[in-house]
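Survey of secondary and tertiary structure
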Amino acid sequence: MIPPPSRRRRGADGSAAPARTLPRRGAVRRAQAITTYGVGSLIAVEQESFIVAGIDGADRYWPRDEAPVIHEPRLARVLGVDHFRLPPASGDDSRDGLRVRRFPLWHHCPECHALDHVRKFNSPPGRNECAECSEPLVPSRFVVACEDGHLADFPYWKWLHRGQRGDGEAGFCGGRMSLNSSGRTSSLRSVVLSCSCGVPEVSMEGSFRRGALKDLNIRCEGKRPWLKDAPDILCSRQPRTLQRGSSSVWQPVLRSALSIPPWSDTRVHALDEHWEALRSYSTAAEIEIYLKGAFKGAAPPVSADEVLELLAAREAEDPIGDDGPDADQERRYRALRDLEYRRLCAGNAEESASHSEQFVCEPPLGDGRPLAGMGLVGPMLVKKLREVRALKAFTRVVDPEHSSEGHEADLSLDVTRWLPAMEVNGEGVFLRLDEGKLDAWAELPAVAARVEQMRERHQRVLAERASDPTRVPLSPVTARMALLHVLAHVMINEWSLDSGYPSASLRERIYSGDEMAGVLIYTATSDSAGSLGGLVAQGEPDRLGRAVRSAVLRAEWCSNDPLCVESGASGAGGTNRAACHACVMLPETSCEHNNGLLDRALLVGTPEDPSIGFFSHLLGP
């Protein structure tokens, strides 16, 4: 990461201490460079603020020699790239790390209260401080962003000089602005702007109102400060005022995939650069000749017959006929989930897995009678798994869960053939529901009506936030999906007490469709700590049976009842029913749907109608 200018320190007598000569860098973990501080996000380093640069000119802003390649062919084909790369590490062995650029550019001095562009303070070389006061400058607390991902400094001059003629630049009136805080309250009313030109003082109160900037005829200028030399583009979106540290300023759009056979065999990675050439051969003899030349006489990692099998699997998973090269990305991503579900059901026994295998999945050996009558079938113990999470894009203002692709901001100015990603290793338990019982339950009128209310509200949210009214995505809410989702949440809460992992270290992966009814609950860490066996042990039938009963009993009562269970709509956009932080909500990193589309009544029923609950029979009379 770019070393920020050193801060001038003062001695005990108030004199300025000598500036530090060694550069200082802010450190973030590699995983954070995907999920928290990815491209386009704002990051605070000591008293300064920066924006993470894009992946254009990767040798300069994303040093490829410090960003190892990650292999995951299925996900790469879905996202239309060749490969993925880990973020550069920011340790002592790193030459550069991630690069950032200063943002916001408007600062104020806490001593003289001057408010201006950072260049106007005439800071000494290598410092970020007021030339008059020798005090470190404070970056603007406020920024403006639009739903298409554009980001700019808050227009302080226009906000203060409202109704006056001018070109919108500070200093046009001949004065200099100041920012003061009375300190009497923590509200925006205490943050006051003034100007030496004599214009009446104005507070920041009301600046966060949805139409506040529109009323002043302030439009989005299409700025993309994370991309070097990016031109301003025409934008019709209305900008919104946001706090610099708000989560609405940057939300990642992540896509992930599990490594499953045959691509989970690490030997296959050596062929990544040869697939296009290998596709032109149809016999083992031809492939064998090619491999000898490609590996310069050394023994190839896989045999010619294995290559033929891999080519057949690749063609079956990524057909060029119906989908075509420009197939809908979301549809292909759902097809990838279908493949994972089938493999989780089929398993991959440990005795058949070599040391290079990254996926081991097998049924428990214990007696399955404790699960009889629960509605669960065929649980699987995933003793070893690898997940690749790629940063596809990011959004601002809108939640990526409730937005269409039209809101996604690009990571680069030019088209690139790779994306930032991270790989995590872990273990998990795969649960399936009895589809016969599930279908009979979903047809109950009370269940169907309850789920339809959730689906309609979610569809309304999607329509409101869609960039193209003619291409509103369909809500995924079905009775099957909603039940699997809330089941995953209560099981994560239950297992966090027994597995040794906190709930924030567990994640859900929901498989819902016409022929899918399962959920994978797994650990996912960037080191080997995710495979300690604590979670897999919970999947043995006797423990699993006790855990399901205990989780359902916990879900029957919430400390916020009766308000929680009687809620007609809750959560962001009203897409939840009976769900709150006291019962089924999880840390957002654990949930695929950002704690939306939840209703614990689908598990346990309501006091008026217990039959709504799929597991209500476990509660007793």
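Everything here concerns the structure above.
Criteria and thresholds
Residues numbered from 1 in each chain as written. Predicted model: local features only at pLDDT ≥ 70, side-chain atom pairs only at ≥ 80, totals over all residues. Heavy atoms only, no water. Salt bridge = Lys/Arg side-chain N within 4 Å of Asp/Glu carboxyl O. Helix = DSSP H or I, 4+ residues; strand = E, 2+ residues; numbered from the N terminus. Buried < 20%, exposed > 50% of the residue type's maximum accessible area, 1.4 Å probe, protein only. Contact = heavy atoms within 4.5 Å. Phe/Tyr/Trp six-rings, centres within 6.5 Å; stacked < 30°, edge-to-face > 60°. Lys NZ or Arg CZ within 6 Å of the ring centre and 35° of its normal.

1. Details of the pattern of salt bridges
This model, assessed by the stated rule, comprises 26 salt bridges. One salt bridge connects Arg509 with Glu340, and the closest N-O pair in it is separated by 2.9 Å. Remark: Glu340 occurs in helix α9 (residues 329-346) and Arg509 occurs in strand β19 (residues 506-513); sequence separation between them is 169 residues. Where Glu452 meets Arg455, a salt bridge forms, and the shortest distance between an N and an O atom there is 2.9 Å. With Glu452 and Arg455 both in helix α11 (residues 445-465) and 3 residues apart, this pair spans about one turn of that helix. Residue class for Glu452 comes out partly exposed when judged on its relative accessible area of 30%. Within this structure, Glu340, Glu387, Arg389 and Arg509 form a network of salt bridges that share partners.

2. Structural notes on the environment of Arg141
By the element assignment, Arg141 lies in the loop between β8 (138-139) and β9 (142-145). You can call Arg141 partly exposed: its relative accessible area is 38%. Sequence spacing of Arg141 and Asp153 is 12 residues, and the spatial spacing of their C-alpha atoms is 9.6 Å. The residues contacting Arg141, other than those within four sequence positions of it, are Tyr156, Val191, Leu242, Gln243 and Arg244.

3. So, the packing of aromatic side chains
The final tally for this structure, using the stated rule, is 13 aromatic pairs. On the numbers, 5.2 Å between centres and 75° between planes, the contact of Trp226 with Phe394 is edge-to-face. With Trp226 in the loop between α5 (212-215) and β14 (240-243) and Phe394 in strand β17 (residues 376-395), this pair connects stretches of sequence that are 168 residues apart. Residue Trp226 shares its accessibility class with Phe394, and that shared class is buried. Members of the aromatic cluster, each reached through a chain of ring pairs, are Trp106, Phe142, Phe154, Tyr156, Trp159 and Phe208. The lysine or arginine in question, Arg77, covers the ring of Trp263, its NZ or CZ lying 5.7 Å from the ring centre.

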